[in-house]
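# Working through the structure, step by step
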Amino acid sequence: MSETTPMMAQWKSCKEEAKEALLFFRLGDFYEAFYDDAETISRTLGLTLTARQLIPMCGVPFHTLDGHIDKLIAHGYKVAIAEQVEEAKDIKGLVRREIVRVITPGSLIQSSLLSDKSNNYFAAIAQAGKKIAVAYIDISTGEFRSLSDSKIEAVLNEVARLPIAEWIASPLLQKTHPTFFKELSIQRPFLLNTRPILDLAVAEAVLTAQLGMNKVSLTAAELAACGTLLLHLKEELSLNLDHVVSLQPHAAADTMSLDRSTFANLEILEGKQGKKGSLFALLDETSTAMGGRLLKQWLQKPLLNVSLINARQSQVEALLHNTPKRARLRALFRQVKDLERLKMKVVAGYATPRDLLTLTQSITIISEAEGVPVENELFSVAGAIARSFIDTPPLRVSDGALFRHDVHPSLADFRKEADASTEWVAAYQVRLREETGIKTLKVGYTRAFGYYIEVSRLQAEKMPPQFVRTQTLTNAERYTTEALKTFERSVLGAEERAAAFEAELFTTFIGQMKSYAPAIQRIAHWTAEQDVLVALSQVAEDQRFTKPLVDTSNVLYIEGGRHPIVAATLPTGQPFIPNDTRLDDQEQMMLITGPNMAGKSTYIRQVALIVILAQIGSFVPARSAHIGVVDRVFSRIGASDDLARGQSTFMVEMSETAHILHNATSRSLVLLDEIGRGTSTYDGIAIAWAVAEYLLTSEGQKAKTLFATHYWELTGLEDRFPWAKNYQTAVQEIASGIVFLRQIVRGGTDKSYGIHVAKLAGLPSKALDRAEAILRQLEQRPRRKVAQSHVDQLVFL
């Protein structure tokens, strides 16, 4: 092989088009890589690196390509595929090859890296004037959305919740907002592409060409982001986007805002050990991949519209009280595959015979469900197509034998003619053995050499002269005859006609299902929504959830509330202690004091989770609940350094607190846990008091607040602000220490019980004894004197 050969010239042309992507170049039954690509692939995948005429090479069999691509994508590489776009038998000379796909982390279609119940987004970000916008697409489903805001922090909070695997950004935006992608990289890994953002006129033309009359009103920034994203996917990645037919701009006024810190603190989609221990894991009784993805979207964006919330609640309630219907739907949904991703493959031209069969079978199953949108014509066509396939069709159309014999008379005739070959070959073999006297003679077939007559080398001298030698093996000789050639032409002709007929029939079926794409999407959406509602009703039954009252009032009343995740994971026989919550205009802030480990953090989290559950339309873990719609949930919980951002514990704490004070409204819910503990005691008390006072007095920002603190001094807020109320976590003192009662009761405490907790943690007795001695000294001093003295000035004797 030489760099100057026509084949290598063809490879070079494809490689120039592939740019930085690793190029797999189709050569017969293998995909080959050359030069640096070969070295990278062999090193990454652990494959053998060879060389021919000093050119490094690395190849994989064509049927194993998908698995190798997944591994390369998982390592952060892009992969380009150059296919043979001509049939070798139809041309003379070199078969033409072209790049048909560029595969990247954000453009996966058929991959083991795609999670059934998670989206996989490709996003672009653009800025026009004061607006910053993000457009994002899930290639595997066709979901296309956009959002915009004047604040980069608001955009960051929205997209940080989304599973975005790949980004496009201009060099200018990366320069003007240097921390944006750094912040996102802390959340999850992604691939960043740098390219200029399109001019608005060009972007509008691209979007109009894609969506036609479905184009919606957008900000200039959204328009630029959408057009840039679409053009990149089409031109750079050679993607067919026929399945992307609509755009859904995000309306911030319609959904609850959850910043990225709160989303993580509440463990909504992921717990400390990944998905296990999250709110999603608790609620995910969905039976379909579509339902799982939709449930995540509901959790990411709880509703603000009371009518929509109540409509979902009513459906959950109806399913909860109709156990037979719920059981029937669950049984049907378990048999339904991913209609959204299957429809995408059909519309975009990526569907295999098995994909088409699975899609039509799933549609047929859904037609049996109660309440499914009536699509009689689609159901009839899908059923007919499903019945046309054999039980397990091959992966590729080119393999043939896709359909049952009785699909069409012509196919039956072709198959009958081709199937007769087995009987003919057996009879011909018997006749030749009798004529030659060679009992070991056999007649066989290979795809490479066709039909042959084979005898051992020792028996070759007995072969009649009219037998023509075609191949010499180590221990055998192969021949052919005119009769065998004539038979082969007949049989292969029949097989080719059958294969051509099946390929044409498959194309017809694909076209039929493609024409029903909007109807399939309606059925997919209905299935996903019903699946989520069934799941929520099942969880309500299993976890003893109740229906909350959700309205536009400004109250938050919870009776007997439980933390949904903690309560569900307690060991058998260990009860969860429920607690009440009362927040309204007269009781705006609950100041909760008490020791560590007594349940303060669990309590304030459970209130937020109950609100979120209520506003996605779910029942909630409480005896009763009355929830006036909350526009935003904020949290400042936990303490840790953020080394990735170069921030100390206290800086993280203050940054998050500042975000809350700037953005909270009087319809917001704020969770504060130990504000001020990252600095000295009296600095901390001063900051905590000021934060509480700000939330209690700032017009338009008097948020409903749960304030957990060790600072007993803050209990004085109740005397100055009657709408601030003191609560404490109840404990019982016994001879050996304390018992946490896990109850939130009225009143403040002037004890932290820190030494008791230290004892539970296993501190040495000598250290505990010394701590108790120091504590007694402090307690002998008047409270007023301690409060006015700096802790560093205390002398411990």
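The preceding data block contains the structure.
Here the structure is a predicted model, which is why all the values come from computation and not from measurement.

On the basis of which strands lie adjacent, the open sheet formed by four strands has the order β14-β15-β17-β16 and antiparallel pairing. Of all the strands in the sheet, just β14 (442-446) and β16 (468-472) have a single pairing partner and so form its edges. Here the strands of the sheet are splayed against their neighbours by 40° on average, with no regard to which way each runs. Sheet analysis places strand β15 (residues 450-456) next to strand β17 (residues 476-480), joined by four bridges and oriented antiparallel. When the bridges of β17 are listed, Ser 456 appears paired with Ala 476. Seen against the sheet, helix α17 (residues 409-436) touches β14 and β15 and runs at an angle of roughly 140° to β14. Lying on the sheet, helix α18 (residues 482-515) is in contact with β14, β15 and β17; it crosses β15 at an angle near 145°.

For the rest of this paragraph, the subject is a negative patch on the surface. There is a patch of like negative charges on the surface, built from Asp 419, Glu 423, Glu 495 and Glu 496. Elements with a minimum of two residues in the negative patch: α17 and α18. Secondary-structure assignment places Glu 495 in helix α18.

Below, the discussion takes up the pattern of salt bridges. Following the criterion strictly, the structure yields 33 salt bridges and no others. Between Glu 183 and Arg 260 there is a salt bridge, with the nearest N and O atoms lying 3.3 Å from each other. Separated by 77 residues along the polypeptide, Glu 183 in helix α6 (residues 180-187) and Arg 260 in helix α9 (residues 260-265) bring together distant segments of the chain. Taken individually, Glu 183 and Arg 260 each receive the classification buried, so the pair is uniform in this respect. The salt bridge partner of Arg 623 is Asp 580, with a shortest N-O separation of 3.9 Å. Of the two residues, Arg 623 is situated in the loop between α21 (600-615) and β22 (624-628) and Asp 580 in strand β20 (residues 579-583); the sequence distance between them amounts to 43 residues. Residues joined in a network through salt bridges with shared partners are Glu 153, Glu 183 and Arg 260.

If you trace the backbone, Ala 500 turns up in helix α18. Sequence separation between Ala 500 and Val 397 is 103 residues; the distance between their C-alpha atoms is 9.6 Å.

Parameters and conventions
- Residues numbered from 1 in each chain as written.
- Predicted model: local features only at pLDDT ≥ 70, side-chain atom pairs only at ≥ 80, totals over all residues.
- Heavy atoms only, no water.
- Pairing = 2+ DSSP bridges.
- Helix = DSSP H or I, 4+ residues; strand = E, 2+ residues; numbered from the N terminus.
- Axes fitted to C-alpha atoms, helices over the stretch in contact; angles between N-to-C directions.
- Contact = heavy atoms within 4.5 Å.
- Patch = residues over 30% accessible without salt bridge, like charges linked within 9 Å, V, L, I, M, F, W, Y side chains within 5 Å.
- Areas by Shrake-Rupley, 256 points an atom, 1.4 Å probe, with all protein chains shown as cover.
- Salt bridge = Lys/Arg side-chain N within 4 Å of Asp/Glu carboxyl O.
- Lys, Arg positive; Asp, Glu negative; His and termini not counted.
- Charge placed at Lys NZ, Arg CZ, Asp CG, Glu CD.
- Buried < 20%, exposed > 50% of the residue type's maximum accessible area, 1.4 Å probe, protein only.

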